[in-house]
Amino acid sequence: MDPDLVEEIEYLKDLLAKSGFFSVDEIIEILEDQFIEEDIDFSDYDISLNDYSSENFSRLEKVFSSLANEKIIAIHNCGYDIEEGVADAFELFVHLNNNKFKAEGFCFYTFEDIEDAILDDKLKITFGDFENNEKKALEIGKTVSKYLKEESFNVNWDETINNQIEIDPFKWDKSYNDDEEYEIEGAYEVFVKN
């Protein structure tokens, strides 16, 4: 097998395991989808999930859960990039509206943001409102920033809607937990519960 391909597969396999969001079966499925043209049997691959402490992630989870009380949808691992993340947030907004729940805005981080956190110990959070109202979007950002600071995160943000909120440092330490639901489904459950 081509050494570059081997390196690419190893990198993605490790990244997916370190993210703490995927089971071994899900990682194999993602690898198969990603490298479908290569016709590789991933069932023999040695995939070991991380056993991180989830200390920082638990604090982040607490913030995201609290934001539901402010009518802000907070989504973990929301899409691959910002464009997908925004689309997912709007999809969830419509679903909540259809079920008679009112959301004012959203915040999330993407899989790309997780990758950056794993590599650089910084996590970026995207935020916004659902009406393209700059004043309202800024208020959402300020609320997200306030909750992060209350949980003792070091926040870098210029208080504009043009830039993401950055937690720096943020040591990514999420362990896989089969009992917890994240992404859109998990955000829906948390929002409805609060």
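To be clear, the structure that these remarks concern was listed above.
This text gives an overview of the structure that appears in the document. (Residues numbered from 1 in each chain as written. Predicted model: local features only at pLDDT ≥ 70, side-chain atom pairs only at ≥ 80, totals over all residues. Heavy atoms only, no water.)

**Some remarks on the environment of Ala117**
Inclusion rule: Numbering goes from the N terminus for both helices and strands, where a helix is a DSSP run of H or I of at least four residues and a strand is a run of E of at least two. Only protein chains enter the accessibility calculation, which uses a 1.4 Å probe; a residue whose area is less than 20% of its type maximum is buried, one above 50% is exposed, and one in between is partly exposed. In what follows, a contact means two residues having at least one pair of non-hydrogen atoms within 4.5 Å.
Inspection of the secondary structure puts Ala117 in helix H5 (residues 111–120). Take Ala117: its relative accessible area is 0%, and that puts it in the buried class. When the C-alpha positions of Ala117 and Asn98 are compared, they lie 34 Å apart, and in sequence the two are 19 residues distant. Ignoring sequence-local partners within four residues, the contact set of Ala117 consists of Lys122, Leu123, Phe170 and Trp172.

**Describing the pairing of strand S3 (residues 123–129)**
Every other side chain in a regular strand lies on the same face of the sheet, so the side chains alternate between the two faces. Our working definition: Strands pair, by our definition, only if DSSP identifies at least two bridges between them.
With 6 of 7 residues buried, S3 lies mostly within the body of the structure. In this structure, strand S2 (residues 105–108) lies alongside S3, joined through 4 bridges in antiparallel fashion. Across the sheet, residue Cys107 finds its bridge partner in S3, namely Phe127.

**Remarks on the pairing of strand S1 (residues 72–75)**
Note the following rule: Place the viewer so that the strands point away; then a crossover is right-handed whenever the path from the first strand over the helix to the second strand goes clockwise.
Neither face of S1 is exposed, since Ile72 and Ala74 on one face and Ile73 and Ile75 on the opposite face are all buried. Sheet topology places S1 next to S2; 4 bridges connect them, and they run parallel. Note on S2: the bridge partner recorded for Ile73 is Phe106. Taken together, S1, helix H4 (residues 82–98) and S2 form a β-α-β motif whose crossover is right-handed.

**A closer look at the side chain of Ser54**
If you trace the backbone, Ser54 turns up in the loop between helix H2 (24–34) and helix H3 (55–67). For Ser54, a relative accessible area of 14% translates into the label buried. Those residues in contact with Ser54 that lie beyond four places of it in its chain are Asp173, Lys174 and Ser175.

**A few points about unusual backbone geometry**
Residues Asp168 and Pro169 are joined by a peptide bond in cis, for which omega reads 5 degrees. Turning to its location among the elements, Pro169 is positioned in the loop between strand S5 (165–167) and helix H7 (183–193).

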